[in-house]
Amino acid sequence: MTHISIFARYPEPGRAKTRLIPALGAEGAARVYAQLLEHTVAQARASGLPFELRTTGGQSDAFHAWLGDDLAITDQGEGDLGARMARVPAPALIIGSDCPGLSAPILKAAAAALAERSVVIGPASDGGYYLIGLAEPMPFLFDDMEWSTPQVFAETLARLAARGIGPAILPELSDVDLPEDLEQWPELQ
């Protein structure tokens with residue numbers, strides 16, 4: 001069965017959503033990140049799909065105390081984002097925790113798409129993606145990728161096309177990375 005892997009970090013001031021710090025301060029950026037992660041976990045729970053947190057920072061007890069003892073927590077391990085994502089066992093939906101528009105119906109639709117296609121992608125408005133789902137391991141999607149750039153989604157599509165793989169595409173959503181991203185999500189400030 002397809003599971004959800006949520007990539008997360010503990011919302012420690014100064015270490016979470018650092019690109020928001022100039023506008024919100026370290027405490028404010030951490031508070032926004034905490035709200036985003038709580039939303040993501042709530043949507044994963046509401047989807048009915050099994051899910052786990054893939055964490056960095058080794059604070060499992062803190063995550064359990066905050067978000068519930070029922071959470072499965074796995075350490076992301078070493079390496080860049082691509083190496084950490086490539087370790088998620090398929091079939092899986094891999095998501096971050098910074099997309100306030102993510103919903104349980106989108107997660108269900110992504111899981112259903114994996115029954116028909118080997119890849120499903122949710123493009124982000126900044127040129128990346130908020131979700132990638134894999135029916136089988138595809139490490140070529142993660143090797144030598146320039147993460148956090150506007151070319152990630154296009155490069156991912158090009159890599160799939162080069163192998164004759166046509167992904168299912170979800171609706172485009174916005175994530176929260178920069179202070180200007182908060183304009184459409186005033187409830188997060």
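Residues numbered from 1 in each chain as written. Predicted model: local features only at pLDDT ≥ 70, side-chain atom pairs only at ≥ 80, totals over all residues. Heavy atoms only, no water.

Draft legend 1. Structural view of the overall build of the protein. Scanning the protein from terminus to terminus reveals five helices and seven strands. Starting at the N terminus, the α and β elements of the protein follow one another as β-α-β-α-β-α-β-α-β-β-α-β. Against the globule reference of 16 Å for 189 residues, the protein gives a C-alpha radius of gyration of 16 Å, in line with a compact fold. By its C-alpha atoms, the protein is 45 × 35 × 30 Å across when sized along the principal axes. The long-range share in the protein, meaning contacts at least 24 apart out of those at least 6 apart in sequence, stands at 63%. (Helix = DSSP H or I, 4+ residues; strand = E, 2+ residues; numbered from the N terminus. Rg over C-alpha atoms; globule rule 2.2 N^0.38 Å. Contact = heavy atoms within 4.5 Å.)

Draft legend 2. Molecular detail of helix H5 (residues 152-162). Where H5 is concerned, the buried positions are Val152, Phe153, Thr156, Arg159 and Leu160. The buried residues of H5 occupy an angular sector of 125° when the element is viewed end-on, so they sit on one face. Along H5, exposed side chains directed more than 90 degrees from the buried face belong to Ala161 and Ala162. For H5, the secondary structure elements touched by its buried residues are strand S5 (119-123), strand S6 (129-134) and strand S7 (168-169). Glycine 164 sits one or two positions beyond H5 and adopts a positive phi of about 70°. (Buried < 20%, exposed > 50% of the residue type's maximum accessible area, 1.4 Å probe, protein only. Arc of directions from axis to C-beta.)

Draft legend 3. Just helix H4 (residues 104-113), in detail. Taken together, the buried positions of H4 are occupied by Ala104, Ile106, Leu107, Ala110, Ala111 and Ala113. Packed against the buried residues of H4 are strand S1 (3-9), helix H1 (21-47), strand S4 (92-95), S5, S6 and S7.

Draft legend 4. View of the pattern of salt bridges. Taken as a whole, this structure holds six salt bridges when the rule is applied. For lysine 17, the salt bridge goes to aspartate 98, with nearest N and O atoms at 3.1 Å. Pair noted here: lysine 17 is in the loop between S1 and H1 and aspartate 98 is in the loop between S4 and H4, with a separation of 81 residues, a long-range link. A relative accessible area of 16% means that aspartate 98 is categorised as buried. Between arginine 19 and aspartate 177 there is a salt bridge; the shortest N-O distance is 3.6 Å. (Salt bridge = Lys/Arg side-chain N within 4 Å of Asp/Glu carboxyl O.)

Draft legend 5. Representation of the nonpolar core in the model. Ranked by size, the top nonpolar core spans 30 residues in total, and within it Ile4, Ile6, Leu37, Leu53, Leu93, Val120 and Leu131 carry the most contacts. Among the elements of the structure, S1, H1, strand S2 (51-56), helix H2 (60-67), S4, H4 and S6 are those that each provide at least two residues to this core. The biggest single contributor to this core is H4, with five residues. If we ignore the near neighbours within four places in the chain, the residues touching isoleucine 4 are Ala44, Ser47, Leu49, Pro50, Phe51, Glu52, Leu93, Ile95 and Leu107. (Core = buried A, V, L, I, M, F, W, Y, C linked by side-chain atoms within 4.5 Å.)

Draft legend 6. Spotlight on the side chain of glutamate 52. Among the secondary structure elements, glutamate 52 is positioned in strand S2. Once residues lying within four places of it in the same chain are set aside, the contact partners of glutamate 52 are His3, Ile4, Ser5, Ile6, Ala72 and Thr74.

Draft legend 7. Expanded view of the pairing of S5. Within S5, five of the five residues are buried, which leaves the element mostly enclosed by the surrounding structure. Note that S5 and S6 share five bridges and pair antiparallel. Opposite glycine 122, over in S6, you have leucine 131 as the bridge partner. Between S5 and S6, which pair antiparallel and follow one another directly, the connecting turn spans five residues, one of which, glycine 127, has a positive phi of 100°. Relative to S7, S5 runs parallel, the two sharing two bridges. Paired with valine 120 across the strands is alanine 168, a residue of S7. (Pairing = 2+ DSSP bridges.)

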